Structure formats: structure tokens, C-alpha cells
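# Fold and geometry: a report
Next come the chains, spelled out residue by residue.
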Amino acid sequence: MTTKEQSLVMIKPDAVKRLLIGQIIQRFENKGLTISNIKMATLTPELVAEHYPHLVEKTFFHEISDFMTSGPSVFMIVEGDNVVEIIRTMIGVTNIVDAAPGTVRGDFGNAAVYHENVIHASDSVTSAQEEIKRFFN
Ligand code: ADP
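Residues numbered from 1 in each chain as written. Predicted model: local features only at pLDDT ≥ 70, side-chain atom pairs only at ≥ 80, totals over all residues. Heavy atoms only, no water.

## A short note on the overall build of the protein
When helices and strands are tallied, the protein shows 7 helices and 4 strands. Here the C-alpha atoms of the protein give a radius of gyration of 14 Å, agreeing with the 14 Å that 2.2 N^0.38 yields for 137 residues. Each principal axis of the C-alpha atoms in the protein carries an extent, and together these give about 40 × 35 × 25 Å. Out of the 137 residues in the protein, the part that is buried amounts to 43%. (Helix = DSSP H or I, 4+ residues; strand = E, 2+ residues; numbered from the N terminus. Rg over C-alpha atoms; globule rule 2.2 N^0.38 Å. Buried < 20%, exposed > 50% of the residue type's maximum accessible area, 1.4 Å probe, protein only.)

Laid out in C-alpha cells, this is it:
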């Protein structure tokens, strides 16, 4: 069964600095997904904490926060049938070292720095709705 869905995708500051925006967006377009909204913005520490509440208490949270606020990210709303699951498969697992070749993180991630994993995508339809509201008001 297919369901029309939306996902919030963020191309993180490492990928923007490394000029990977075009190659990453190309993958979603090649897959037949629709970019229905897109913008660039630099996250504030407050928004990073709101976006990653499950990590705020971790000892390494300041590294994540410094990284995510270090420069502009690209925010996109991507639409399509079962888009949340499709995009999570396309981006690969969190840890670059384990991310499969062919995935965005597996092909572009910096294996030397855990948090520099190129991209974020919503992990459920519910979090997609919250994240779209957070980043696109
Ligand atoms: P995902 O981004 O795959 O949904 P999480 O929500 O667990 O994964 O983590 C959010 C982000 O925080 C990761 O993408 C990564 O940038 C960073 N992160 C997660 N765990 C660690 C860790 N152990 N050390 C450093 N950074 C981490």
C-alpha cells in the first residue's frame, strides 16, 4: 500500500561547506520524489536543542550543537508515496562508519568525525509534521 507523505530533510553544514547540495538533491529528484519547499538558514542553539531533545543530556551534545550552528543548512520538504521510509533508506544509518555505500551518508560522510554525517531526515510521519512546523513555521 502507498501513502502520500512529507518528510523534512536537512542538508547539514558540513555538506553545504563541501559543496554537496546539488549532488544530494539530485538523488531525491532521480528517485522521483518532489521537493515542494526549500530554504537556507543557520540554526540557533535553541533550535538544535528543540530538534534533538533526546541528545541534550549527552556529554557530546555541545559538539553537535557547535556543528549544527557552524554555518547554513538547507531545509527541504520532500513529498512522495512512503517518502519517510524511502528517504531514511536513502540516507543510511547514523554512524558513517556503518553507513552502506550508495547511501548519502555512506558516500559523503566524514568517517573521522561522528557528528559530521551530512544529512538529517524525519524518522516518522509524526516527527516530519513537527519538524516541518519547526523549520517552515
Ligand atoms: P539520526 O540523525 O540518524 O536520526 P540521532 O537522532 O540518534 O540519529 O542523532 C542525531 C544526530 O546527532 C546524528 O545525526 C549525529 O550528527 C549526532 N550524533 C548522534 N549520536 C552521536 C554520538 N554518539 N557522537 C556524536 N554525535 C552524535
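## Here we look at the site of the ligand
Every residue close to the ligand is listed here: Lys 12, Tyr 52, His 54, Leu 55, Phe 60, Ile 64, Arg 88, Thr 94, Arg 105, Tyr 114, His 115 and Asn 117. Contacts to the ligand include Lys 12, whose side-chain N or O atom sits 3.0 Å from an oxygen atom. Note that an oxygen atom of the ligand is positioned 2.7 Å from one of the side-chain N or O atoms of Asn 117. Considering the ligand on its own, with 530 Å² of exposed area, one finds that the protein chains cover 83% of that surface. By residue class, the composition of the shell around the ligand is 5 nonpolar, 4 polar and 3 charged. (Near = heavy atom within 4 Å. Polar contact = N/O pair within 3.5 Å; in protein donor to acceptor, adjacent residues only side chain to side chain. Areas by Shrake-Rupley, 256 points an atom, 1.4 Å probe, with all protein chains shown as cover. Nonpolar A, V, L, I, M, F, W, Y, C, P; charged D, E, K, R; others polar.)

## With respect to unusual backbone geometry
In this structure, Leu 19 takes a positive phi of about 65 degrees despite not being glycine. Mapping Leu 19 onto the fold places it in the loop between α1 (13–17) and α2 (21–30). With a relative accessible area of 72%, Leu 19 lands in the exposed category. Although it is not a glycine, Asn 82 sits at a positive phi angle of roughly 50 degrees. By the secondary structure assignment, Asn 82 is in the loop between β3 (73–81) and α5 (83–91).

## Quick notes on helix α7 (residues 125–136)
The terminal C-alpha atoms of α7 lie 16 Å apart, and with 12 residues this matches the ideal 16 Å at 1.5 Å per residue to within 8%. Taken together, the buried positions of α7 are occupied by Ser 127, Ala 128, Glu 131, Ile 132, Arg 134, Phe 135 and Phe 136. For α7, the buried positions fall inside an angular range of 165 degrees around the axis, keeping them on one side. Those residues of α7 that are exposed and aimed more than 90 degrees away from the buried face are Gln 129 and Lys 133. (Expected span 1.5 Å × (residues − 1). Arc of directions from axis to C-beta.)

## Comments concerning the UniProt feature "active site" (unreviewed entry) in the protein
Look at the UniProt record and you will see "active site" (unreviewed entry) annotated at His 120. Mapping His 120 onto the fold places it in strand β4 (residues 119–121). Not counting residues within four places of it along the chain, the set of residues in contact with His 120 comprises Leu 8, Val 9, Met 10, Lys 12, His 51, Tyr 52, Arg 105 and Glu 131. Of the polar contacts made by the side chain of His 120, one reaches the side chain of His 51; its length is 3.5 Å. (UniProt positions renumbered as here; feature names shortened; annotations may be inferred. Contact = heavy atoms within 4.5 Å.)

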